[in-house]
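One letter stands for each residue in the lines below.
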Amino acid sequence: MFGYYIRLAFKSLRRTPGLSVLMIGAIAFGIGACVVTLTVHHAMGRNPIWWKNNVLYAVTMDSWDPREPFDSDHPKLAPSMLTYRDATYLYGSNIPKYKALLAFTQGTLAGAPGQRAALWAMTRITTAGFFRMFDVPFEYGGPWSGAADRGPAPVLVLSRRENNKLFGGRNSVGQTILWNHQRFRIVGVLDHWNPQPRFYDLTAGGGGDFGHAARVFVPFKWGSTLHLFPSGTMNCWSTAGFKGINTYRELLGSNCVWITMWVQLQSAQQRQHFLNFINAYWAQQRTMGRFQRPRNNHLWRVSQWLRIHHVVGNDSRLLSQLAFAFLAVCLINTIGILLAKFLRAAPQAGVRRALGANRRQIFAQHLTEVGVITSLGAIFGLVLGATGLAGVRALYAESYSAYGRLAHFDLIGIGWALALAAVSTLVAGVYPAWRIGRVAPATYLKSQ
């Protein structure tokens, strides 16, 4: 019976080609617009490490100016980063399974075989737990050890991109290279790894929430050993602010926040244990004259971290809303056209009713026709969506815009199109199909 309804649907479409093209085109444009905006919106808001959402936590504590909140728009939130003294003390806890301190700095690479000029490379100073905690894949070698953190040992990890530039993609583990004029030994080369959004460091510069991963990774203590000022985001409060910091020692003892800390806690009990550790440190520092604001210590899951940082911007939300509004207008117009089309063909439905078809069968026949229309609209909508995403990539190819890196057509886009087609069938087809099924056949039979 379903095959029979399909044949009737295509015959009906051929009888009114102009209206058919109009309805299919309207639905295709509506679905295509939604596929583009929803694909980008979903890519921006997704959790890139969802499988560890319940064990990874970003650490925050409110060490800010007692006279005003860190963020006046969100006064209940503490700074997203920590001061040096707070970060290093909390890092000394043995409660977390893994822990990591993160900051950005500038670096140059030189001394590779055949290299003619030094290569600037965005560098992350971090600890060994970074690679294990975030499941960072390696093409060659692996992360440095905890002992290398304590040294610090002259070791580093290269990104795949930098290894391709300097060593032609060969296994460079064990090779030595100059980083900031110091000789370092390469212990690992990353495989493809650039989670979007860059959940682990949303505040440290390098392209914003959707920036590129660092090109070089070195042990965290090299920052203080070489007196490397951070090149990412740094916020300070005092009467002099950042201008009052003239030496690296002054930076380490200041109220400036510039270090991001993550920990991996395997259970709720371990999480509470570490939070108690943070609160005890906070109370101790408060008695010494620091932390004059109300206690505001938090451990944020990855999903919470993305939400409080508003990773999905208002522009993306607005575009998605406009796309759905456009699709709604298309469906409303399609409902009107379908209703007029079905009522015009009511005599044929009356004949079928007289021959024994019941209302349910008439309803199913016309709803099948609507399904054919929306299916064709979804197919052309996929083509338009893929074309639109390709256009977005081309438009932002030379910039750091998130849209250019996230506008990739994949199974998610196909899923959106199929879901929208199903919804469109129900929204656009139920009322016209129901209305034609309610028509009394006797009126039309008298005119035949």
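Numbers given to residues run from 1 along each chain, matching the order in which its sequence is written. It should be noted that, the model being predicted, local features are given only for residues of pLDDT at least 70 and side-chain atom pairs only at 80 or more, the latter also being counted only at that level, while totals for whole chains, interfaces and linings use all residues. Only hydrogens and water are removed before side-chain values are computed, so all heavy atoms of the structure are retained for them.

Turning our eyes to something else, we now look at the overall build of the protein chain. Along the protein chain, the regular secondary structure elements total 16 helices and 10 strands. For the protein chain, with 448 residues in total, the buried portion stands at 49%. What sets the accessible areas is the Shrake-Rupley method with a 1.4 Å probe; for residues, cover comes only from the shown protein chains. Only carbon and sulfur atoms are counted for the fraction: they give 58% of the accessible area of the protein chain, which is about 21300 Å². The way it works is that DSSP assigns letters per residue, a run of H or I at least four long becomes a helix, a run of E at least two long becomes a strand, and they are numbered from the N terminus. Buried residues are those whose accessible area, probed at 1.4 Å on protein chains only, stays under 20% of the maximum for their type, while exposed residues exceed 50% and partly exposed ones sit between those limits.

The criterion for a disulfide is a pair of cysteine sulfur atoms lying within 2.5 Å. The tally for this structure, following the rule as stated, stands at one disulfide. Cys236 shares a disulfide with Cys256; S-S distance 2.0 Å. Linking Cys236 and Cys256, the disulfide has an S-S dihedral of approximately 110 degrees and is accordingly described as right-handed. With a gap of 20 residues between them, Cys236 in the loop between α7 (222-225) and α8 (248-252) and Cys256 in the loop between α8 and β9 (260-264) connect regions that are remote in the sequence. A single burial state applies to Cys236 and to Cys256, both of which are buried.

Further remarks concern the pattern of salt bridges. We define a salt bridge as a side-chain nitrogen of Lys or Arg found within 4 Å of a carboxyl oxygen belonging to Asp or Glu. Scanning the model with the defined rule gives nine salt bridges in all. Ionic pairing is found between Arg290 and Asp86, a salt bridge with its closest N-O pair at 2.9 Å. Pair noted here: Arg290 is in the loop between α9 (268-287) and β10 (298-301) and Asp86 is in helix α3 (residues 84-91), with a separation of 204 residues, a long-range link. The same class applies to Arg290 as to Asp86, namely buried. One salt bridge connects Arg160 with Glu139, and the closest N-O pair in it is separated by 3.4 Å. Placement of the pair is Arg160 in helix α6 (residues 160-167) and Glu139 in strand β4 (residues 138-141), with a sequence separation of 21 residues. Salt bridges linked by common partners bring Glu139, Arg160 and Asp191 together as one network.

For α3, the full list of buried residues reads Asp86, Ala87 and Leu90. Projected onto a plane normal to the axis of α3, the buried residues spread over an arc of 95 degrees and lie on a single side. Buried residues belonging to α3 abut β1 (56-60), β2 (98-110), β9 and α9. This arc describes the spread of directions from the helix axis toward the C-beta atoms. Working rule for contacts: check all heavy atoms of both residues, and any pair within 4.5 Å makes them a contact.

Moving on, we get to the side chain of Asp62. In this fold, Asp62 is placed in the loop between β1 and α3. We define a polar contact as two N or O atoms separated by no more than 3.5 Å, with the added condition that, inside protein, one atom must be a possible hydrogen donor and the other a possible acceptor, whereas residues neighbouring each other in sequence contribute only through side-chain atom pairs. Here Trp64 takes part through its backbone nitrogen, which lies 3.1 Å from a polar atom of the side chain of Asp62. For Asp62, the side chain forms a polar contact with the side chain of Arg293, separated by 3.0 Å.

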